[in-house]
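# Remarks on the overall topology
The primary structure of each chain is shown beneath.
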There are 2 protein chains.
Amino acid sequence: MTRRVRIHEVAPRDGLQIESRFVPTEDKIALIDALSATGVAAIEATSFTSPKAIPNLADASEVMAGIQRRDGVRYVALVPNRRGAERALASGADELNLVLSASDSHGLANLRMTPWQSLERFAELVPLARDRAPATRLNASLSTAFGCPFDGPVPPARVLDIVARLAALGLDGVSLCDTTGMANPHQVGELCQQVLARHPQLDLTLHLHNTRGMGLANALAGWQAGVIRFDAALGGLGGCPFAPGATGNVCSEDLVHMFEEMGITTGVDLDALMRTAETLPGLVGHEIPGQVVRAGRADRRYPLPAGIAR
Amino acid sequence: MTRRVRIHEVAPRDGLQIESRFVPTEDKIALIDALSATGVAAIEATSFTSPKAIPNLADASEVMAGIQRRDGVRYVALVPNRRGAERALASGADELNLVLSASDSHGLANLRMTPWQSLERFAELVPLARDRAPATRLNASLSTAFGCPFDGPVPPARVLDIVARLAALGLDGVSLCDTTGMANPHQVGELCQQVLARHPQLDLTLHLHNTRGMGLANALAGWQAGVIRFDAALGGLGGCPFAPGATGNVCSEDLVHMFEEMGITTGVDLDALMRTAETLPGLVGHEIPGQVVRAGRADRRYPLPAGIAR
C-alpha cells in the first residue's frame, strides 16, 4: 500500500454550492488562495452551471479570474454541459470535471439525463478540451456510484460498464462518488479494486460523504484497495439535500489528520489547513462538522490536573 | 476475518456519567431494559464508584436491582476499587469491569494510581469474584492504551506488558481503550494483532472514541486485525473532559449499521437500537452525535422530485 496520497479540496464548489448564504466572490477567492498554500494537490474551485440552478456559484468566471494560481496545484472546474465546458475552458481551468450519475433516477433528477445520455454528450465535449494547447485535463465524477437515494443499490457491473465507457472516451480520470453517503468499507474496497485492476491508466479518485459516519472508514478501505486520490471538503462542508441534518463531504482536515497519523504522506500542512477551516463558520454562518478542529490534533497535550503529582 | 461481532453497549455507564444532568433512576432502568431487547451482547449498566466522584451514577445498586435481566445479555458493572467490587458483586453483576490506565499521568489523575499500583490492587480483587459460585467474570479496561492526553504516546511494549500481567492474574478479558480518541487505524490494527497473537485465550474488546472522527475507521481496522468485541455507546454519548466540543464514544447504532452494511452480523436489531437512540435527547437534554439516526439507514429511499419522469 502506498505511503503517499493526494488530497483534492472540493469545499469551494461542493461545499459552498448548497449553503443557504451566498459567499461573496472575494471571500471565495481568499478561501481558494488559502487552500492553495496548504499543499493540496487540486482544488475544485467552482462550477460552470446555470446561475439559476446554483446561484451560489454564479460568480464562477470571476472566481477563476481572481485566484492566484500556485505551481503544483491543479484548479478544477465542474461542468455539467457544453456551455459550461466552454466557459470553464475560457477561464483557464486546468481540468474540467464532467459530472454524470450511475443511476437513472439521480441522473434525471440532477442533470435531466440518464448515464447513457450523459456519455453521449461527453463524446462531444472531449475534443473541446483536447484541441487546446496544452490540452486541458478531463475527469468525470460518477455520482451515486455506491448507491442511489431513489433507485437504491447500483450494481457494480453497471458502474464498471460506465467507467469502461469513460475510459474509452479517453478521459484522464474518474471519480467514484458516494453522493449520499450510502457506501460501506467492504463495498468501497471491492469496487475500487476492480476499477484499478481494469483501468490502471485511469486516475481514480474517491469522493466520499460522511452522511452516515463512514467517511473515514471508507477512505481507509479505498486506500487499502490502492486508491491514492481523495476528494474532501474543508470543515466537512457540503452534503446532500436528501439527508437533512446529516454531515456532508468527508472532512479534509480530518482525512489529512487520519492519513498523517497513520504515517501516510498527504503533502498537506495540516496546521495551515486547520487554520483555514477555522475561518469557515464566519464565512458560511454556522458551525462545521469537522472534528479535529474542535478536538485538536491527536498529539495535543493537556496539563495535569491540579494536585496530581507524578 | 470473522463475520460475527459482539456489541457491548456502554452508554448507561460511560455515556451518562459525564452528562450535566442527573438521569432519574427509573429512566436509566428503562434505557437498559430497552437496550436488553436490541440484541447487544453486553451492557455496562453502571459504575460502583464513590457518589462524590460520579454523582450521576450514585444509584448504581438501585439500577442493578431494577433492571430486567435478559438471557444472553451480560450485565457489567465498572468498579474502581475493592469497595466498588464488593457492592457490584452484591448487586449480582455478571461481570466486573476493573479499570486502570496504561499511562502514569492518566492513572494518577483518574484513579490516583499508576498502572503498577492498579495491578497490585487487582490481585486482591480477583479472589473476590472467583470465590463466588458461579464465578463472576472479570474484565479489565485499559485506558489510554493508544495514547495519553497528558503523557502523549504510550509505547506498545508498555501496553503489552500490562496486558500480559492482566492475563497472568487470570482475568477473562481485556478492553483496549482509546480514551481520548488519539488512536489511528494503523496503530489499532498493529496493537490488536499483537494482543490477539499473544493472548488467544483472553477476550479482547476494543473501546473506541470518535473524538477526531476516526471511531468507525478504527473499528474497521480492529475487525480486520481479528477483533470481534466492540464497546460502543448509544447515540455516541460520552466523551472526554479533555476534548471539549468533541463527540464521545463510538456510536452504537452507527457501528452496528456499518458492520451490517458490510455483511458482518452483530446480532443487533438496528431499527430497535435506532428507536432507543431517538429517546436520548429527551433523556439528556441535548442533541446526540450519532449520524444514522439523523440520516436514516443506507437503504433509506426518497421519492423522485416532482416533475422527473423515469
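Residues numbered from 1 in each chain as written. Chains lettered and ligands numbered in written order. Predicted model: local features only at pLDDT ≥ 70, side-chain atom pairs only at ≥ 80, totals over all residues. Heavy atoms only, no water.

Glancing now at the overall build of chain A. Assigned secondary structure in chain A consists of 13 helices and eight strands. Taking 19 Å as the expected radius of gyration for a compact globule of 310 residues, we find that chain A reaches 19 Å, a close match to that expectation. Dimensions of chain A along its principal axes, counting C-alpha atoms only, are 70 × 40 × 35 Å. Here chain A holds 310 residues, and the buried ones make up 62% of them. Residue pairs in contact within chain A that sit at least 24 positions apart in sequence constitute 73% of those at least 6 positions apart. Total accessible area computed for chain A in this model is approximately 11,100 Å², and 50% of it derives from carbon and sulfur atoms. Charge-centre separation for chain A: the mean point of 29 positive side chains lies 1 Å from the mean point of 33 negative side chains. (Helix = DSSP H or I, 4+ residues; strand = E, 2+ residues; numbered from the N terminus. Rg over C-alpha atoms; globule rule 2.2 N^0.38 Å. Buried < 20%, exposed > 50% of the residue type's maximum accessible area, 1.4 Å probe, protein only. Contact = heavy atoms within 4.5 Å. Areas by Shrake-Rupley, 256 points an atom, 1.4 Å probe, with all protein chains shown as cover. Lys, Arg positive; Asp, Glu negative; His and termini not counted. Charge placed at Lys NZ, Arg CZ, Asp CG, Glu CD.)

So, about the interface of chain B and chain A. Across the contact, 54 residues belong to chain B and 54 residues belong to chain A. Of the roughly 4,300 Å² buried between chain B and chain A on both sides combined, carbon and sulfur atoms contribute 58%. Linking chain B with chain A are zero salt bridges. Here chain B and chain A share 15 residue pairs in polar contact (both at pLDDT 80 or more) between them. Of all the elements in the fold, those that place two or more residues in the side of chain B that touches chain A are helix 5 (104–111), helix 8 (185–198), helix 9 (215–225), helix 10 (252–261) and helix 13 (292–295) of chain B. By residue number, the principal contributor to the side of chain B that touches chain A is helix 9 of chain B, which donates five residues. Residue composition of the side of chain B that touches chain A, grouped by class: 28 nonpolar, 14 polar and twelve charged. (Buried area = accessible area lost by both parts, 1.4 Å probe. Salt bridge = Lys/Arg side-chain N within 4 Å of Asp/Glu carboxyl O. Polar contact = N/O pair within 3.5 Å; in protein donor to acceptor, adjacent residues only side chain to side chain. Nonpolar A, V, L, I, M, F, W, Y, C, P; charged D, E, K, R; others polar.)

Now for the relation of the copies chain B and chain A. Rotating chain B by 180° and moving it 0.0 Å along the rotation axis overlays it on chain A with an RMSD of 0.0 Å. Here the transformation between the copies is reduced to the relation of a two-fold axis. Distance from the rotation axis, computed per C-alpha, reaches its smallest value in chain B at B:A217: 1.9 Å. Of the interface residues in chain B, 100% have counterparts in chain A that sit at the interface too, so the contact is made through matching surfaces. (Least-squares fit on C-alpha atoms with pLDDT ≥ 70 in both.)

Let us now look at the packing of helix 4 (residues 82–90) of chain B against helix 6 (residues 115–130) of chain B. All names here are of chain B. Contact geometry of helix 4 with helix 6 gives a least axis separation of 10 Å together with a crossing angle of 10°. With respect to each other, helix 4 and helix 6 are oriented roughly parallel. Where helix 4 approaches helix 6, its residues R82, A85, E86 and L89 are matched on the opposing element by E124, L125, L128 and A129. (Axes fitted to C-alpha atoms, helices over the stretch in contact; angles between N-to-C directions. Parallel < 35°, antiparallel > 145°, perpendicular 65-115°, else oblique.)

So, about the pairing of strand 4 (residues 95–101) of chain B. Residue and element names in this part refer to chain B. When you tally the buried positions in strand 4, you get seven out of seven residues, the bulk of the element. The sheet contact formed by strand 3 (residues 74–79) and strand 4 spans four bridges and is parallel. Counterpart to L78 in the pairing with strand 4 is N97. For the crossover that starts at strand 3, traverses helix 4 and ends in the parallel strand 4, the hand is right-handed. (Pairing = 2+ DSSP bridges. Right-handed = clockwise from strand over helix to strand, strands pointing away.)

For the coordinates displayed, the defined rule picks out 28 salt bridges over all chains. A salt bridge links A:R69 to A:D94; the nearest nitrogen and oxygen atoms lie 3.8 Å apart. Of this pair, A:R69 sits in the loop between helix 3 (60–66) and strand 3 (74–79) while A:D94 is found in the loop between helix 4 (82–90) and strand 4 (95–101), placing the two residues 25 residues apart along the sequence. For B:D161, the salt bridge identified is with B:R165, shortest N-O distance 2.9 Å.

Next up on the list: the packing of aromatic side chains. Residue and element names in this part refer to chain A. A full pass over the atoms with the stated rule returns two aromatic pairs over all chains. Measuring from ring centre to ring centre gives 5.1 Å for F230 and F259, while their planes differ by 50°; the resulting arrangement is tilted. Taken together, the residues span a long stretch of sequence, with F230 in strand 8 (residues 229–232) and F259 in helix 10 (residues 252–261) at a distance of 29 residues. Of the two residues, F230 and F259, neither departs from the other in class, the shared state being buried. (Phe/Tyr/Trp six-rings, centres within 6.5 Å; stacked < 30°, edge-to-face > 60°.)

What follows concerns the packing of helix 9 of chain B against helix 10 of chain B. All names here are of chain B. Axis separation between helix 9 and helix 10 bottoms out at 11 Å; the angle between their running directions is 50°. If you check the angle between helix 9 and helix 10, you find them oblique. Here helix 9 runs over helix 10; the crossing is right-handed. Residue-level contacts link L216, A219, L220 and W223 of helix 9 to D254, L255, M258 and F259 of helix 10. Here the contact of helix 9 with helix 10 is composed, by residue class, of seven nonpolar, no polar and one charged. (Left-handed = near helix turned anticlockwise from the far one by under 90°.)

The subject of this paragraph is the sheet that holds strand 2 (residues 42–47) of chain B. Residues and elements named next belong to chain B. With parallel pairing, the eight strands of this closed barrel are ordered in space as 1-2-3-4-5-6-7-8. Mean inter-strand twist for the sheet, computed between neighbouring axes without regard to direction, equals 25°. Examined bridge by bridge, strand 6 (residues 173–177) and strand 7 (residues 203–207) share five bridges and lie parallel to one another. By the bridge assignment, L176 is partnered in strand 7 with L206. Its contacts with the sheet place helix 6 against strand 4 and strand 5 (137–143), and it is angled at close to 170° to strand 4. The strands touched by helix 8 within the sheet are strand 6 and strand 7, with strand 7 carrying the most contacts at an inclination of about 165°.

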